[in-house]
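Here's the letter readout for the chains.
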Amino acid sequence: MEANRSTIQEAPKTGRCRRKNQRSEEILQAALRSFARYGFSGCRIDDIAEDAGVSKGAIYLYFDSKAALFKAVVQEAVVPAFEFRRIENLVATNRQSWGSLLQYVLMHWAEKLSEPEMAPSLRLLVSDAQTIPELAAHCYQQIISPSQRLIEQMLAGGAREAEFSELDQGQVAKALSAPFYLLALWPVDQNQFGRDRSDLRKTIKTAIELQICGLGIRNSIVNSDIRRAIWLSDFD
């Protein structure tokens, strides 16, 4: 009897927790749409509340400020696409060529970030986040810094194995990130300017291949088998 009573008491708490998490997700989705529509500076909490179908006061039950909402959007909508923990494990346990791993990681990120639903979030990072120091610092800490660190680790591995030329790894890491800015600037509407997302993927793929070749990788490394392998969902 006591066990049944305990189960009955816990059920409402579980339901409330589920509804709270769902409401928080709904607010984040509304915030993303509103930020994309008005920009961070032009967006008001009232706009987000109206889109989410809640009161302005309800927003503050979940998030302290508009900046906190923006950071949460970045954390939920962008950071997971990089799969940092999985990539860190691949780098730490790599037993194959560093060139193929580097190419796989860059292509994998490009594939994830070129999905149409990622476009609004990426535009926010390139435009609004870079003009507001607090948001720029958050994006740097959560996205730019860890991705650059991983790239530099792969470059260092390639240099040790004489796969890559001896170059400034910090500068090379920044250069390898350059094609990803295209993802934020490319039109979301596939009919706009006659360009679609598949064309974008081809452009990014070509840019990455050119950069990888420029590192001085031995020709035997960049072959058709590796080109096929980098599009697999798992590097293993």
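Values in this document were obtained by computation on a predicted structure and should not be read as measured data.

### Let's talk about the packing of aromatic side chains
Working step 1: Applying the stated criterion to the full structure yields six aromatic pairs.
Working step 2: Between F35 and F40, the aromatic rings sit 5.6 Å apart at their centres with planes inclined by 35°, giving tilted as the arrangement.
Working step 3: Overall, the relative accessible area of 1% leaves F35 in the buried class.
Working step 4: With 5.4 Å between their ring centres and 85° between their planes, F40 and F70 make a pair best called edge-to-face. Of this pair, F40 sits in helix 1 (residues 2-42) while F70 sits in helix 4 (residues 66-77); the two residues are 30 residues apart in sequence, bridging distant segments of the chain.

### What about the nonpolar core?
Working step 1: In this structure, F35, I48, L69, L102 and W109 are the most contacted members of the largest nonpolar core, which totals 65 residues.
Working step 2: Beyond its immediate sequence surroundings of up to four residues, L69 is in contact with I27, L28, A31, F35, I45, I48, I59 and F63.

### Brief notes about a nonpolar patch on the surface
Working step 1: Together, V126, Y181 and L185 give the surface a local cluster of nonpolar side chains, amounting to about 300 Å² of exposed area.
Working step 2: When you line up the elements, V126 lands in helix 8 (residues 119-126).

### A look at the pattern of salt bridges
Working step 1: With the rule as written, the count across this model stands at nine salt bridges.
Working step 2: A salt bridge links R23 to E26, with the shortest nitrogen-to-oxygen separation between them at 3.3 Å. Here R23 pairs with E26, and both are found in helix 1, just three residues apart, close to one helical turn.

### Section: the confidence of the model for the chain
Working step 1: The pLDDT averaged across the chain works out to 81; a share of 78% of its residues lies at or above 70.
Working step 2: The spread of mean pLDDT over the elements of the chain runs between helix 14 (residues 224-229), the lowest at 47, and helix 6 (residues 84-92), the highest at 97.
Working step 3: The model gives residues 218-228 a pLDDT under 50, and that stretch makes 15 contacts with residues more than four places away or in other chains.

### What about the packing of helix 10 (residues 133-160) against helix 11 (residues 169-177)?
Working step 1: Running from amino to carboxyl end, helix 10 crosses helix 11 at an angle of 120°, the nearest separation of the two axes being 9 Å. The angle between the axes of helix 10 and helix 11 places the two elements in the oblique class. Along this stretch, helix 10 crosses helix 11, giving a crossing that reads as right-handed. Taken together, the residues of helix 11 that come into contact with helix 10 (itself represented by Q148, I151, E152, L155, A156 and A159) are Q169, G170, V172, A173, K174, L176 and S177.
Working step 2: For the contact of helix 10 with helix 11, the residue count by class is seven nonpolar, four polar and two charged.

### Thoughts on unusual backbone geometry
Working step 1: Its identity is not glycine, yet E83 carries a phi of approximately 45°, on the positive side.
Working step 2: Among the structural elements, E83 can be located in the loop between helix 5 (79-82) and helix 6.
Working step 3: Of the residues examined, E83 reaches a relative accessible area of 25% and is grouped as partly exposed.
Working step 4: In this structure, A162 takes a positive phi of about 60° despite not being glycine.
Working step 5: Within the secondary structure layout, A162 lies in the loop between helix 10 and helix 11.
Working step 6: Its relative accessible area of 53% is what places A162 among the exposed residues.

### Here we look at the environment of G158
Working step 1: Among the secondary structure elements, G158 is positioned in helix 10.
Working step 2: Exposure remark for G158: the relative accessible area of 0% places this residue in the buried category.
Working step 3: Distance in space between the C-alpha atoms of G158 and S97 is 7.6 Å, their sequence separation being 61 residues.
Working step 4: G158 has contacts with W98, E163 and F164, leaving out every residue within four places of it along the chain.

What counts, and where the lines are drawn
Residues numbered from 1 in each chain as written. Predicted model: local features only at pLDDT ≥ 70, side-chain atom pairs only at ≥ 80, totals over all residues. Heavy atoms only, no water. Phe/Tyr/Trp six-rings, centres within 6.5 Å; stacked < 30°, edge-to-face > 60°. Buried < 20%, exposed > 50% of the residue type's maximum accessible area, 1.4 Å probe, protein only. Helix = DSSP H or I, 4+ residues; strand = E, 2+ residues; numbered from the N terminus. Core = buried A, V, L, I, M, F, W, Y, C linked by side-chain atoms within 4.5 Å. Contact = heavy atoms within 4.5 Å. Patch = residues over 30% accessible without salt bridge, like charges linked within 9 Å, V, L, I, M, F, W, Y side chains within 5 Å. Areas by Shrake-Rupley, 256 points an atom, 1.4 Å probe, with all protein chains shown as cover. Salt bridge = Lys/Arg side-chain N within 4 Å of Asp/Glu carboxyl O. pLDDT = per-residue confidence, 0-100. Axes fitted to C-alpha atoms, helices over the stretch in contact; angles between N-to-C directions. Parallel < 35°, antiparallel > 145°, perpendicular 65-115°, else oblique. Left-handed = near helix turned anticlockwise from the far one by under 90°. Nonpolar A, V, L, I, M, F, W, Y, C, P; charged D, E, K, R; others polar.

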